[in-house]
Amino acid sequence: AQSVTQLGSHVSVSEGALVLLRCNYSSSVPPYLFWYVQYPNQGLQLLLKYTSAATLVKGINGFEAEFKKSETSFHLTKPSAHMSDAAEYFCAVSDLGSGNTGKLIFGQGTTLQVKP
Amino acid sequence: GAVVSQHPSWVICKSGTSVKIECRSLDFQATTMFWYRQFPKQSLMLMATSNEGSKATYEQGVEKDKFLINHASLTLSTLTVTSAHPEDSSFYICSASWGVDQPQHFGDGTRLSIL
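One structure accompanies this document, and this report is about it. (Residues numbered from 1 in each chain as written. Chains lettered and ligands numbered in written order. Predicted model: local features only at pLDDT ≥ 70, side-chain atom pairs only at ≥ 80, totals over all residues. Heavy atoms only, no water.)

What follows covers the interface of chain A and chain B. Listed as interface residues are 21 residues of chain A and, on the opposing side, 23 residues of chain B. Taken together, both faces of the contact between chain A and chain B bury some 1600 Å²; the carbon and sulfur share is 56%. Of the charged contacts in the structure, one is a salt bridge between B:Glu59 and A:Lys103, with a shortest N-O distance of 3.2 Å. Taken together, chain A and chain B are joined by 7 residue pairs in polar contact (both at pLDDT 80 or more). Residues belonging to the side of chain A that touches chain B are distributed by class as follows: 8 nonpolar, 11 polar and 2 charged. (Contact = heavy atoms within 4.5 Å. Buried area = accessible area lost by both parts, 1.4 Å probe. Salt bridge = Lys/Arg side-chain N within 4 Å of Asp/Glu carboxyl O. Polar contact = N/O pair within 3.5 Å; in protein donor to acceptor, adjacent residues only side chain to side chain. Nonpolar A, V, L, I, M, F, W, Y, C, P; charged D, E, K, R; others polar.)

Structure below.
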């Protein structure tokens, strides 16, 4: 069975600083991994996805993530934080077990705060 | 592309009434739609998975008679909260996908408040 752990429920950075949001996964099969962002009172927006192609994945809004199989990690980074990046971020793994419904297993989320 | 529209965005109603929430994929055909519930400051909890033309698959602990899901076409799924009570108040979010190996695309959610 797949699972996702996001380390740090709350991350605070200064505007212009590096953003690093951590995600570790557990999967018995090669995983499909996703990062989503949620702004207050809105649904989730896809930032990027890993589906067994290039291990360094570039997404929208300057975000990228690197799949590291040896570390079972898929951390999200952005070189320079903007105030508009303040939001809730969710890492998710696709349930590729029996049935293969495409269900997502979400981490608990990380709140990113950007200080001026 | 990949736009999902959810309606209404906000609803307040009296205890005992039923509320219907619509989820539409506007520019793609969604073979699968998902319904989630989200409590404040928490992650998304999957309620059910629905495939067009077949019965929804509910997650353990979700009352199927309470939360009726219909997926009548490849672009529309509905969630009806029947005989709603205050404990059903929550943020409900739908998502849609055109393949099991494709990402889910989310609606903007529905804030449901039961008085």
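From this point, the discussion proceeds with the structure in view.
This part covers the side chain of A:Thr110. Residues and elements named next belong to chain A. You can see Thr110 is positioned in strand S11 (residues 110–115). Judged by relative accessible area, which is 1%, Thr110 ranks as buried. Here the side chain of Thr110 touches Gln6 through a polar contact of 3.2 Å, side chain to side chain. Those residues in contact with Thr110, other than ones at most four positions away along the chain, are Gln6, Gly8, Ser9, His10, Val11, Leu21, Ala87, Glu88 and Tyr89. (Helix = DSSP H or I, 4+ residues; strand = E, 2+ residues; numbered from the N terminus. Buried < 20%, exposed > 50% of the residue type's maximum accessible area, 1.4 Å probe, protein only.)

The next point concerns the pairing of strand S8 (residues 73–78) of chain A. Residue and element names in this part refer to chain A. In terms of residue burial, S8 counts as a mostly covered element, since 5 of its 6 residues are buried. Where strand S7 (residues 64–68) and S8 come together, 5 bridges link them in antiparallel fashion. The partner of Ala65 across the bridge, within S8, is Leu76. Linkage of S7 to S8, two consecutive antiparallel strands, is achieved through a turn of 4 residues, within which Thr72 is found at a positive phi near 45 degrees. (Pairing = 2+ DSSP bridges.)

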